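Descriptive structure summary
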Amino acid sequence: AVSIIGSTVTSCSTADGSYDDRNYGGVVYAISSGGVSIIGSTVAGCSAGNAGGVVATRLAGERGGGAVSIIGSNVSGCSAVIGGATFLRDTNLDVTDSTISGCNATRGGAVYVHSGSASLARSTISSCIATEYGGGLYSAGGSTSLSDGALIRGCSAPKGQGSSIFLLAGEVSYTLPAPAGRWLPNARCEVYREACSYPLSEAASRAKQAACLEHRSDCALTESDAIEPSSGKKEAACSRHTDNDKQAACHETVEDPWYCQAPTFVQPCNWNNETGGDPSGLGESLYQLPLLPVNEDFPFACAAGLLGSAIPEYQSSSSCAGRCPERSQCPIEATDEALPCDAGHYCPKGTSVPLPCPAGTYSNATDLAAAGECTDASPGHFATTGSTQQTACAKGSFAAKARSEACELCAPGYFQSAPGQAACFRCAPGKLCPQGSTRELDAQCSPGTYVNVTDADGDPDCLDCPAGSSCAGGGAALAVCSPGTAAKPAQGQCTVCGVGTYQPDSGATGCLECELGTFCPKGSSAQLPATCPAGFYIGNASTTLESLDDCVGCTPGSFCAGGAAQPTACAPGSIAPSANMSACELCPIGRFAASTTACEECEAGTYAASEGLSQCTPCPYPTGSKSSDVTCSICKEGFYLQNASALPEDIFRGPTKHCKTCPPNANCATNTTLETLGVRRDYWRASLFTTEIHKCDASDHCSGSGGSTETSRRLAASGGAGPGCDPGHTGPLCEWCVSDEQYFSRAERGCVDCPTAGRFGVLAGVVVALAGTGFFSYRTLARAEAWDRFRARLDIVESQVGFQPKFKIVVSFYQVVATLGPVYGVRLHEDFTRWTDFMDAISFDLLGLTYPDACIGSMADRLLLAGLWPIASIMLGGAAIACYALAEWLLSGHAGSDLVRSTLRRLLYWAILVAYLVLPSVSRSIFKARQCESFNVDDVTGERRSYLVADLDVLCSADDDEYSGLDAYFWAFFALWPVLVPLAFLVLLLSIRSEVRAQRVRATARASRFLWRDYDVSFVWWEVVDMARKLVLTSGILFVDTEYGARRLLRLQVASILSATYLALLALARPYRNSADLYLACTSNLLLTCSFVSGVGIKLCEEGQWRQTCQDFTGLPSSLAWSAAAVGLTAAMLLASLLVIGGKACAKLPSIRLASTGREPFLELPDQCHFHLFLSHAWGTGQDQTHTIARQLKLLLPQINIWLDVDSLEDISRLEESIQDSAAVLVFLSDGYFRSANCRRELYAALASAKPIIAVREVDKGKGGATVEELKAECHLHCIDESPAGYPAYRGPEEAIARVFAVEPIEWVRLGAYQLETLKAITLRMLGHSRYYWHRGGHALAAGLRVANSGECPPHGFVAQHTLLVSRVNPGARLVAGEVAGASTEGGGALPVAVKEAEAADLAAESQSLLLLLNNQTFCEDKMALASLLVRAREAGCPVVLLWEQDPDCGGCPFHIFKERTPLELQLPPHKLFDDLAVPLYRSAELRKVSLRQVLQGMGAKPLPLSQAAGHKLGASLNPCPGVSECEEQS
């Protein structure tokens, strides 16, 4: 610690120009130290190069300086860069009973508080300077408190702010009392708490309420939530209750201590020590300084005239203790004790400067309060202003009245010889009494002399009369010569001026000669004007006017007053239009003096409100005027008068209130009013009282300001026509026709005649003719042989391309885009109208395309027709379908049960198709009954008039009967189409969802396949989502911004967001089955979003006032450019669709061909057969597989005709007939096949008709697979029907087994290359049973089949020697390796693979691979030996090829078995054995060939062309099963 006690410290300094620790604290620098105390000492002239001219304390790291105390000391003349006396950082400063004066710094002339806390009590900071901020105190943080009369005065900040205090951050507060005579806007520091709000319904609650109010004042002065009431307070609180029960309840509820209410959010001071506050200030009067500089003494001085006080009660406002009391004065600031009023003055209340007693009064008292209390001067005395006593009049003077300001001298002939008299005495005869005489004098002077009293004896002396005066002699006083006379010295009388001379002054010694052009008679005191009449002047310079001929007339532009006056030019604003004028005339109001001879009218735009103006005043902006107007009561060009009835003076006084800027697309000439607003042609407004002007995008008949006022009958009745249309046109934007026989055509941009009613008949005839032609053409082509091939090829292309989803995506896109104009108000440039017609056609709004809406009738008729015509179409189409089905049934002669079901299925499909296609357009037609567009009709009242867009003859108002009458139709059709149709689709799709997922599609699902076939089975309902999107974008969006409709951008913005959101939803959900359809749908929504964005550009650029905005913000200069962009985007959708379809259709399709010829096989059908192949399968376990077989065979063999239940089954009772109608039967063997009664019916029918049976077996147990033995056992158990209907001669299960399993069943494998081999095997067996190839001995089929343009796995071989290593502890591997070696020579020109034992080989050698056969004995015996071999092979870099046996009879087992048996070392890095895919090894020759080729491929062999294949039957020479035994697990 440092203590300086009773000492004097001077001239200490650390200033060496640096800013390190050496330059802190001119006397003491405290860091990480104890306290610093300066007590009863004097410190002067000290300085620091950085901070703290006397003391600096700061925190370094976690070390802190001690507290600083300056008590009873004087600090003066100290300086530093910051903190001229003290610098404080993270410590405490206490200045008590001390003074700091004359210090200076850049910031904080006396004290700089960086952080920590500072306290100034009973101390003064004076005359300190900070060149920038804070002459007395600079607060950059922490807290600073001043109290007990602390004062900052006389400080300054010359170049900055805060002469006394600069508060950058932290808290600065002052706790009263302040020094006497000073004040602060303070408040009592207390705790604001929540109100007492206990309910008064119960006694306990009422007692709590009373106690809460009782303790309110105590709670305000404690920061704690509880207080300890003084003794008896609780008793006092409860004693108010006279009722004993209430007193008892009070004692129970009023607890000691009492718990106060919670503090409120806003508090008058920071008392909370948890937030850095100080609770010790509670109850004190406290002022918290805002973050603003203080540029005057602090605390603030009470103003002069106000009485200050040392009592805090009188220091809380600028009024201090009030005005200075009367009879006293408070002459300076901070007066805390009133002074007596000055003598000779009076002091009313609030006096800072005493007021003097008025002249004529006096007072020597010091307690006067008003002027009336001053004493009046008595007669014979006077008193000047502020006199303390009256003064007696001197001899020779008098004061006749009381309250005299001064005495008067006795007049000549009077004298007064005594002082203090109220009157003078008359002189005796023969005596001389000059002015102010004190006695009578004896006098007898000769002429030319005068008497004067100059001697001390008071006797008169005769003196010579001075020049310019006359002296009559005797006792007469000298007389000054009057004007027109003169006198030389010692003259007894003055001489009169002669003719031609004059004397204007008194006391002159001679006369002056008259100037030329003037006239001076005898005794003239001035040069007199000549006698020329007004309008003339003396032309000759002479002293007299001898003749009027000497007068000359004034010229125009000047005037002559007459006499000797010369011509005078007219003053500005006046004229002399003719000669000889005696005065100029002022120009009248409305005119100005353009010259001195004529007034001219004020030009338009200026005014002259008064006479005599030399120029007109320009009208105030933006008013104007007409010529010669006296005020500005019209609006200038470019503005219009909003209220034509406004008074001229109101317009002149408030020009901007009445004159408004001309709206866009209007012409505002001078003197334009709202009613006379000039509207350009091709623009329209709803009334003469609106500035809302609209461009006529669709009509060429908007005449602007002129035009016809014709209107339709209904519009005329409603007052809703609007001006500005050519004859024959009316309504909003002139898009309605006056005549009921016409309709407005957007294509013609005007009204055209309605077509005749016969047009409907013509259209109906065309439709019937086209339908009939199509029907008969179809029936004719169906009989042609080439038709079946064409249909088959078309089916293949359709299955490859998928026309339906692409058709739906394209149609949906254009149905939405077609609404850009009618719904979103986007008008393509007129150069693209044909493209608009194309999009309208795709929208399927058949009613709108065939007949104009306005020609049909009323809006109710149109709404009724729009809602019913699709139903009529469904019914007419249904009738045609029923008739066709009936005719087909009658001609075929089939049983009748199929007719109803097949017809209903077709009807359902037709209804779904029609509803899907027309739903957006029909919904939009329905919503037209609510699609209104409003127009402003009165700017002043804000009134708007709303029209039905579909029928501009109807006002959207409850007062319009026709509009109100649409409600019933609208809600009925709204429920039917936009609500019930999607809901019906959703219910339908949900009802068939389980069938679709299980792939057991029945009649209803097949009839509704238009809705779900394109989507993944998990998203069969997605069509309803897409339908909802279309409905929102084409119809629902009409409810957005109904007031302004399509004229604003809001709908386009909402549509853009919806389209972008749906695009993101598509990308995330991926609902489409085909990825190409998903990409096309995403492209569609991307282009749709871009189209809406282009619509924004078109709307920005279509209005003239927005064209510059269009260029600046969009980069495209006009709506034509944006229209081209929109058309390009919509055309891009069509192009993208065509490219996808064309690319799919033109792609080379895979096809099965004869290996011997390279041609497609010939598919012959026996007589009476229509199907090449009948697919028999169990629905539960074989439906998916048979559908794949049928689809792939149709792709590979376009001519094949396959019977499949989902496509061909119409009546389950006719299964046997379908078998008879097929050339061969494919029996798909899966678990449960022989348990199915229908499968057995199909099998029996095939046995009865001796149909060739092709058995295909599912091998995957997880997909319903079964072994041959399991299938035979199932057949033995279930194929025991006696004399079945389809085969009465059936001999039992042995016959079925013998026929089905006569040839090894083909194994069904889904993997790409394996699946192709399975399909080739099926096709080969089917062709082998064909009569065409049977009669040719099967030579064409000997070389087998190949698949062109497919992923068929070709033969592989090595051109250099390659070795395949096998392990002796890998059972079966040696035998399979031999098969691989044989397969390596399948292609011509390849070297055979050498097989060696791995244990004896060099694993690091090149051109070798290790074969690991995975079967049920792998890793059983010698497990560690095999694992060691594999580790060494991996480490040596020898590739390991995994081959997984699939057939359980040959040791096949699930893959997880291998992972369980394999040592963990091989499965973990770095070996990771199973990271390579294992090649599946099948038993059948067809599939085994693919497995061996893939093994060679994994060894690094190169593919060989199929033409190089050796052609031998690969599977015939190989052992299909290595013959291994079951693995016995070791303990």
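So, how was this worked out
Residues numbered from 1 in each chain as written. Predicted model: local features only at pLDDT ≥ 70, side-chain atom pairs only at ≥ 80, totals over all residues. Heavy atoms only, no water. Helix = DSSP H or I, 4+ residues; strand = E, 2+ residues; numbered from the N terminus. Buried < 20%, exposed > 50% of the residue type's maximum accessible area, 1.4 Å probe, protein only. Contact = heavy atoms within 4.5 Å. Areas by Shrake-Rupley, 256 points an atom, 1.4 Å probe, with all protein chains shown as cover. Phe/Tyr/Trp six-rings, centres within 6.5 Å; stacked < 30°, edge-to-face > 60°. Disulfide = S-S within 2.5 Å. Patch = residues over 30% accessible without salt bridge, like charges linked within 9 Å, V, L, I, M, F, W, Y side chains within 5 Å. Salt bridge = Lys/Arg side-chain N within 4 Å of Asp/Glu carboxyl O. Core = buried A, V, L, I, M, F, W, Y, C linked by side-chain atoms within 4.5 Å. pLDDT = per-residue confidence, 0-100. Axes fitted to C-alpha atoms, helices over the stretch in contact; angles between N-to-C directions. Parallel < 35°, antiparallel > 145°, perpendicular 65-115°, else oblique. Nonpolar A, V, L, I, M, F, W, Y, C, P; charged D, E, K, R; others polar. Expected span 1.5 Å × (residues − 1).

Further remarks concern the overall build of the chain. Scanning the chain from terminus to terminus reveals 37 helices and 86 strands. Counting across all 1531 residues of the chain, residues that qualify as buried make up 46%. Long-range contacts, defined here as pairs at least 24 residues apart, represent 64% of the contacts in the chain between residues at least 6 apart. When the accessible surface of the chain is summed, it comes to about 70300 Å², and 55% of that surface belongs to carbon and sulfur atoms.

In this fold, L864 is placed in helix α13 (residues 859–892). Taking the C-alpha atoms as reference points, L864 and Y969, 105 residues apart in sequence, are found 6.9 Å from one another. Among residues more than four places away in sequence, those in contact with L864 are Y969 and F973.

It is worth spelling out the packing of aromatic side chains at this point. Under the defined criterion, the tally for this structure stands at 35 aromatic pairs. Ring centres of Y112 and Y138 lie 4.8 Å apart, and the angle between their planes is 10 degrees; on these two criteria the pair is classed as stacked. On the criterion of sequence distance, the pair formed by Y112 in strand β13 (residues 111–113) and Y138 in strand β17 (residues 137–147) is long-range, its members being 26 residues apart. Accessibility classification places Y112 together with Y138 in one group, the buried group. Seen in terms of ring centroids, Y133 and F166 are 4.6 Å apart; in terms of plane orientation they differ by 40 degrees. Their pairing is tilted.

What follows deals with the state of the cysteines. A complete count under the given rule lists 24 disulfides for this structure. Each disulfide pairs two cysteine sulfurs, and for C324 the partner residue is C330, the sulfurs being separated by 2.2 Å. Measuring handedness by torsion sign, the sulfur bridge of C324 and C330 sits at about 80 degrees and is right-handed. Accessibility classification places C324 together with C330 in one group, the buried group. The side chain of C357 participates in a disulfide bridge whose partner is C374; the two sulfur atoms lie 2.0 Å from each other. Residues C357 and C374 are joined through a disulfide that is left-handed, its torsion about the S-S bond being -70 degrees. With C357 in the loop between β29 (355–356) and β30 (361–362) and C374 in the loop between β30 and β31 (375–376), this pair connects stretches of sequence that are 17 residues apart. In terms of burial, C357 and C374 fall into one category: buried.

Turning our attention to a nonpolar patch on the surface. Taken together, V979, L980, L983 and V987 make up a surface patch of nonpolar side chains, about 330 Å² in accessible area. Inspection of the secondary structure puts V979 in helix α16 (residues 967–998).

By size, the foremost hydrophobic cluster in this structure holds 59 residues, and its most contacted members are Y824, L948, W977, F985 and F1092. Counting only elements with at least two residues in this core, the list comes to α10 (803–817), α13, α14 (897–927), α16, α18 (1009–1012), α19 (1022–1034), α20 (1050–1069) and α21 (1075–1102). The dominant element in this core, judged by the number of residues it contributes, is α14, at eleven residues. If near-sequence neighbours (up to four positions away) are discounted, L948 is found in contact with M859, K928, A929, R930, Q931, C932, V954, C956, Y963 and L966. The next biggest cluster of nonpolar side chains, apart from the first, holds 48 residues, and it includes V43, A150, I165 and Y287.

Below, the discussion takes up the pattern of salt bridges. Under the defined criterion, the tally for this structure stands at 32 salt bridges. The salt bridge involving R944 is made with E692; its shortest N-O contact spans 3.2 Å. Placement of the pair is R944 in strand β71 (residues 944–948) and E692 in the loop between β64 (683–685) and β65 (693–695), with a sequence separation of 252 residues. E1274 is paired through a salt bridge with R1235; the nearest N and O atoms lie 3.1 Å apart. Placement of E1274 in helix α28 (residues 1268–1278) and of R1235 in the loop between β76 (1222–1229) and α27 (1237–1248) is noted, with a sequence separation of 39 residues between them. Residue E1274 is classed as buried on the basis of its relative accessible area of 9%. Taking relative accessible area as the criterion, R1235 reaches 43% and is therefore assigned partly exposed.

The predicted model of the chain averages 81 in pLDDT, with 83% of residues at 70 or higher. Here residues 1522–1531 scores under 50 on pLDDT; set against residues more than four positions off or in separate chains, the count is 22 contacts.

The next point concerns the packing of helix α33 (residues 1373–1383) against helix α37 (residues 1485–1499). Angle between the axes and distance between the axes: these two values describe a pair of packed helices. Interaxial distance between α33 and α37 falls to 9 Å at its minimum, and their mutual angle equals 85 degrees. Regarding the angle of α33 to α37, the classification is roughly perpendicular. In contact with V1376, E1379, V1380 and A1383 of α33, α37 contributes R1488, L1492, V1495, L1496 and M1499. Within the contact of α33 with α37, the residues separate by chemical class into seven nonpolar, no polar and two charged.

A word on the packing of α27 against helix α29 (residues 1293–1300). Direction vectors running N to C along α27 and α29 enclose 75 degrees, while the axes themselves pass 11 Å from each other. Considering their axes alone, α27 and α29 lie roughly perpendicular with respect to each other. Judged by residue contacts, L1243, A1246 and L1247 of α27 engage A1296, R1299 and V1300 from α29.

Taking 1.5 Å per residue, 15 residues should reach 21 Å; α37 reaches 21 Å between its end C-alpha atoms and fits that length. Taken together, the buried positions of α37 are occupied by L1487, R1488, K1489, V1490, S1491, L1492, R1493, V1495, L1496 and M1499.

Backbone torsion omega between F298 and P299 reads -5 degrees, so that peptide bond is classified as cis. You will see that D97, though not glycine, has its phi angle at about 55 degrees, which is positive.

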